[in-house]
Amino acid sequence: MLLDEATLRARILELGAEITRDYKGKKLLVVGVLKGSTIFMADLVRSLGPELDVQLDFVAVSSYAGKASTGTVRTLLDLRESPEGKDLLLVEDIVDTGLTLTSLTETLRAHRPASLEVCTLLDKPECRKTPFQPKYTGFKIPNEFVVGFGLDYDERYRQLPCVGVLRT
Ligand code: 5GP
């Protein structure tokens with residue numbers, strides 16, 4: 001196991017406190033990238049201060065089939081809330097090559113949010129193929145394929161309460 005539940009939750013509380021400080025007085029639109037970010041997003045938004053003005057939305061993109069990146073990013077589900085004039089915080093499970101978020105942030109900027117930042121639970125900086133850097137990162141991890149806490153392998157293992165390396 002790479003990250004146990006207590007370690008994950010403690011770090012998410014820290015991220016929530018940091019985001020609460022940074023977005024004080026702003027209109028925050030938290031956008032989860034389906035499906036991998038759902039478990040992280042549920043914990044993250046519950047760790048935001050109750051005084052924050054927060055809305056939630058989701059997008060879905062497809063870039064992976066099994067364990068290999070196809071390099072092609074398709075939008076499967078678009079925003080329902082207008083981000084215009086709001087501070088958009090995109091919540092992702094993991095940044096690997098950075099291709100998904102480079103493409104997705106470009107697409108979302110066209111909706112004219114007041115600002116756009118990314119919060120990722122996990123980051124594999126060794127794998128980057130673009131200069132993309134998330135503003136908020138839970139954990140930097142080595143170049144291994146991980147599952148659990150929302151992350152899947154062919155739609156399985158998302159329910160695991162920890163993050164572990166998949167051995168096949
Ligand atoms: P990127 O475009 O940065 O290469 O990949 C981002 C997406 O690839 C993530 O949202 C996730 O769906 C998938 N991904 C990248 N690395 C892993 C991994 O180690 N485990 C799992 N389950 N998905 C990964």
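Refer to the structure above for everything that follows.
Conventions and cut-offs
Every residue gets a number counted from 1 within its own chain, in the order that chain's sequence is written. Whole-chain, interface and lining totals are the exception, using all residues; otherwise, since this is a predicted model, local features are given only for residues with pLDDT of at least 70 and side-chain atom pairs are given and counted only at 80 or more. Only hydrogens and water are set aside when side-chain values are computed; all heavy atoms of the structure are taken into account. Note on terminology: near, applied to a residue and a molecule or strand, indicates that one of the residue's heavy atoms is within 4 Å of it. Side-chain atoms alone can form a polar contact between residues adjacent in sequence; in general such a contact is a pair of N or O atoms within 3.5 Å, and within protein one must be able to donate a hydrogen while the other accepts it. Helix and strand assignments follow DSSP, with helices taken as H or I runs no shorter than four residues and strands as E runs no shorter than two, numbered in order from the N terminus. The criterion is simple. A nonpolar core is a set of buried Ala, Val, Leu, Ile, Met, Phe, Trp, Tyr and Cys residues joined through side-chain atoms within 4.5 Å. Only protein chains enter the calculation, and the probe is 1.4 Å; a residue is then buried if its accessible area is under 20% of its type maximum, exposed if over 50%, and partly exposed in between. Contacts: residue pairs with any heavy atoms within 4.5 Å of one another. Arc definition: it is the arc formed by the directions from the helix axis to the C-beta atoms. Between 30 and 60 degrees the pair is tilted, below 30 it is stacked and above 60 it is edge-to-face, where a pair is any two Phe, Tyr or Trp rings, Trp via its six-membered ring, whose centres lie within 6.5 Å. The salt bridge definition used is simple: a Lys or Arg side-chain nitrogen within 4 Å of an Asp or Glu carboxyl oxygen. Here the expected length of a helix is defined as 1.5 Å per residue gap, with one fewer gap than residues.

Colleague: Can you walk me through the site of the ligand in this structure?
Modeller: Thr-97, Thr-100, Lys-124, Val-146 and Asp-152 are the nearest of the 16 residues found near the ligand. Interatomic distance of 2.8 Å between a side-chain N/O atom of Lys-124 and an oxygen atom of the ligand. Residue assignment for the shell around the ligand shows that the elements contributing at least two residues are β4 (87-95) and α3 (99-109). Counting residues per element, the shell around the ligand draws most heavily on β4, at 4 residues.

Colleague: How should the nonpolar core be read in this particular structure?
Modeller: In a soluble, globular protein the nonpolar side chains are often hidden away together inside. By size, the foremost hydrophobic cluster in this structure holds 27 residues, and its most contacted members are Ile-19, Leu-28, Phe-40, Leu-44, Cys-119, Leu-121 and Leu-122. Counting residues per element, the ones that place at least two in this core are α1 (5-22), β1 (27-34), α2 (38-46), β4, β5 (115-123) and β6 (136-140). For Leu-121, the contacting residues outside a window of four places in its chain are Leu-8, Ile-12, Phe-40, Glu-92, Asp-93, Thr-137, Gly-138, Phe-139 and Phe-149.

Colleague: Which parts of the structure should I look at to understand the side chain of Thr-137?
Modeller: Along the chain, Thr-137 falls in strand β6. Since its relative accessible area comes to 17%, Thr-137 is described here as buried. Not counting residues within four places of it along the chain, the set of residues in contact with Thr-137 comprises Arg-11, Leu-15, Thr-120, Leu-121 and Asp-123.

Colleague: Can you walk me through α3 in this structure?
Modeller: An α-helix turns once per 3.6 residues; consequently, residues spaced three or four apart project the same way. Within the sequence span of α3, burial applies to Thr-100, Leu-101, Leu-104, Thr-105 and Leu-108. Take α3 and look down its axis: the buried residues cluster within an arc of 115 degrees, on one side only.

Colleague: Looking at this structure, I do not really get the environment of Gly-98. What am I missing?
Modeller: Relative to the helices and strands, Gly-98 resides in the loop between β4 and α3. Under the relative-accessibility criterion, Gly-98 is labelled buried at 4%. Gly-98 sits 22 residues away from Thr-120 along the chain, and the two C-alpha atoms are 11 Å apart. Leave out the neighbours within four places in its chain, and Gly-98 touches Arg-128, Thr-130 and Phe-132.

Colleague: I keep staring at the packing of aromatic side chains and nothing clicks. Help me out?
Modeller: Aromatic rings in a pair are described by how distant their centres are and how their planes are angled relative to each other. Counted according to the given criterion, the structure contains 1 aromatic pair. Ring centres of Phe-145 and Tyr-153 lie 6.0 Å apart, and the angle between their planes is 80 degrees; this geometry places the pair in the edge-to-face category. By relative accessible area, which is 18% here, Phe-145 ends up buried.

Colleague: Help me understand the side chain of Thr-20 in this model?
Modeller: Mapped onto the fold, Thr-20 is located in helix α1. The exposure class assigned to Thr-20 is buried, which follows from its relative accessible area of 11%. Looking at Thr-20, its side chain comes within polar contact range of the main-chain oxygen of Gly-16, at 2.7 Å. Once you skip the residues sitting within four places of it in the chain, Thr-20 turns out to touch Ser-47, Leu-48, Gly-49, Glu-51 and Leu-52.

Colleague: Where do I start with the pattern of salt bridges in this structure?
Modeller: Using the criterion set out here, one finds 10 salt bridges in the structure. Residue Arg-46 pairs with Asp-43 through a salt bridge whose shortest N-O separation is 2.5 Å. Of this pair, Arg-46 and Asp-43 both sit in helix α2, 3 residues apart, roughly one helical turn. The class of Arg-46 is exposed, set by a relative accessible area of 63%. In this structure Asp-43 comes out as buried when scored by relative accessible area, which is 10%. A single network of salt bridges, built from pairs that share partners, joins Glu-5, Arg-9, Asp-43 and Arg-46.

Colleague: Quick question: what am I supposed to make of α1 here?
Modeller: Over its 18 residues, α1 runs 26 Å from end to end, which matches the ideal 26 Å to within 8%, given 1.5 Å per residue. Those residues of α1 not exposed but buried are Leu-8, Arg-11, Ile-12, Leu-15, Gly-16, Ile-19 and Thr-20. Tucked inside the fold, the buried residues of α1 contact β1, α2, β4, β5 and β6.

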